[in-house]
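Here is what each chain is made of, one letter per residue.
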Amino acid sequence: MKAATADFIEVYPDALDADTCRSIVARFDGSGQDEPGRVGGGHYPELKHSRDISITGQAAWRDVEQHLNLAVLTGLQKYLRTYPFSLIAPLMLQQPDAEGTLRRLRYDDIAGMDDAALMKLVMKVFVPGRINLQRYAAGEGGYPYWHCELFPKAADAETLHRHVLWTLYLNDDFSAGETEFFHQQRKIVPRTGSLLIAPTAFTHTHRGNRPLDGNKYIATSWVMFQRAERLYASR
């Protein structure tokens, strides 16, 4: 298990290859689809100054969506093995033992699962959030407002289903532009193709620092719990 001093912020290098990252950046710039970045459902450039494209469900971006979701799934498996309670603590998950009797999952069960069994559990419990591609312009873009990813504004409470956040850095040819976590006093330096995963709650309040000497490109979203009516349908 992870040491008690863990900050629950994990970075997985080379989650996506550099050529794919460059291709996504080029497509972003050539698409003409980017719009002013939004925060909490509104446009507040004093909080977040970016150009964004929401790619989920767009046929022209389906391949990119698939590449990113697969990269995140691979990282998520690693994250859940490191922090098994992130999967089993919020839910009373059960599985059959050798005699076929249902019993509650324990943290050490996760370590003993092969990738296929863990993936089956992941697909039952979680769904991917909407993916946002973002460009932060050198010297002016950024998300300097300290924030977390959980908030109760959405009418369907979907924003309360967010469990972990993820950011995949698409380039690193700039300076500064770190993802900074307030309570952990930690700055994540962007590296092309690296994947950041962290909890969504106020404990991991963070901000996106302004890039210098070059534009910063990222893909972001969340891993979310299934809706309750589906998650508990068989109970």
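Here the structure is shown first, and the text comes after it.
Every chain is numbered independently, its residues counted from 1 as its sequence is written. Residue-level local features of this predicted model are given only where pLDDT is at least 70; pairs of side-chain atoms are given and counted only at 80 or more, and the full residue set underlies all totals for whole chains, interfaces and linings. Hydrogens and water are ignored here; the side-chain numbers use all heavy atoms of the structure.

What about helix 1 (residues 18–31)?
Helix and strand labels come from DSSP, where a helix needs a run of H or I of at least four residues and a strand needs a run of E of at least two; each type is numbered from the N terminus. Multiply 1.5 Å by the residue count of a helix minus one, and that product is the helix's expected span. Taking 1.5 Å as the rise per residue, helix 1 with 14 residues should run 20 Å; its terminal C-alpha atoms sit 20 Å apart, in good agreement. Residues of helix 1 that are buried: Thr 20, Cys 21, Ile 24, Val 25 and Phe 28. Within helix 1, the buried residues cover an arc of 140 degrees as seen down the axis, which keeps them to one side. Opposite the buried face of helix 1, by more than 90 degrees, sit the exposed residues Asp 19 and Gly 30. Contact definition: two residues touch when any of their heavy atoms are within 4.5 Å. Summarising the contacts, the buried residues of helix 1 are in contact with strand 3 (51–54), helix 2 (62–82), strand 7 (132–136), strand 9 (162–169) and strand 16 (216–225). We define a polar contact as two N or O atoms separated by no more than 3.5 Å, with the added condition that, inside protein, one atom must be a possible hydrogen donor and the other a possible acceptor, whereas residues neighbouring each other in sequence contribute only through side-chain atom pairs. Its side-chain oxygen at 3.2 Å from the backbone nitrogen of Asp 19, Asp 17 defines the N-terminal cap of helix 1. Once helix 1 finishes, Gly 32 follows within two positions and takes phi at roughly 70 degrees, a positive value. A simple rule labels every residue: compare its accessible area, found with a 1.4 Å probe on the protein chains alone, to the largest value its type can have, and call it buried under 20%, exposed over 50%, or partly exposed in between. Directions are taken from the helix axis to each C-beta atom, and the arc is the one they span.

Considerations on helix 5 (residues 115–125)
Residues Leu 118, Leu 121, Val 122 and Val 125 constitute the buried set of helix 5. For helix 5, the angular spread of buried residues about the axis comes to 105 degrees, placing them on one side. For helix 5, the exposed residues lying more than 90 degrees away from the buried face are Ala 116 and Lys 120. Considering only its buried residues, helix 5 is in contact with helix 2, helix 3 (85–88), helix 4 (107–112), strand 6 (126–128), strand 16 and helix 6 (228–231).

Remarks on the pairing of strand 16
Taken across its ten residues, strand 16 has ten buried, putting it largely inside the fold. For two strands to be treated as a pair, DSSP must find no fewer than two bridges joining them. Where strand 6 and strand 16 come together, three bridges link them in antiparallel fashion. Within strand 16, the position partnered with Phe 126 by the bridge is Phe 225. Note: strand 7 against strand 16, five bridges, orientation antiparallel. Residue pairing for strand 16: Tyr 136 is matched across the bridge by Lys 216. In this sheet, strand 16 lies alongside strand 9 in antiparallel orientation, the contact comprising seven bridges. When the sheet's bridge partners are listed, Arg 162 is paired in strand 16 with Met 224.

Thoughts on the nonpolar core
Counting residues in hydrophobic clusters, the biggest one holds 43 residues, and the most contacted among them are Leu 68, Leu 87, Phe 126, Leu 133, Trp 166 and Leu 168. No other element matches helix 2, which puts seven residues into this core. Not counting residues up to four positions away in its chain, the partners in contact with Leu 87 are Leu 80, Leu 93, Ile 110, Leu 118, Leu 121, Val 125 and Phe 126. Residue types Ala, Val, Leu, Ile, Met, Phe, Trp, Tyr and Cys, when buried and joined through side-chain atoms within 4.5 Å, form a set referred to as a nonpolar core.

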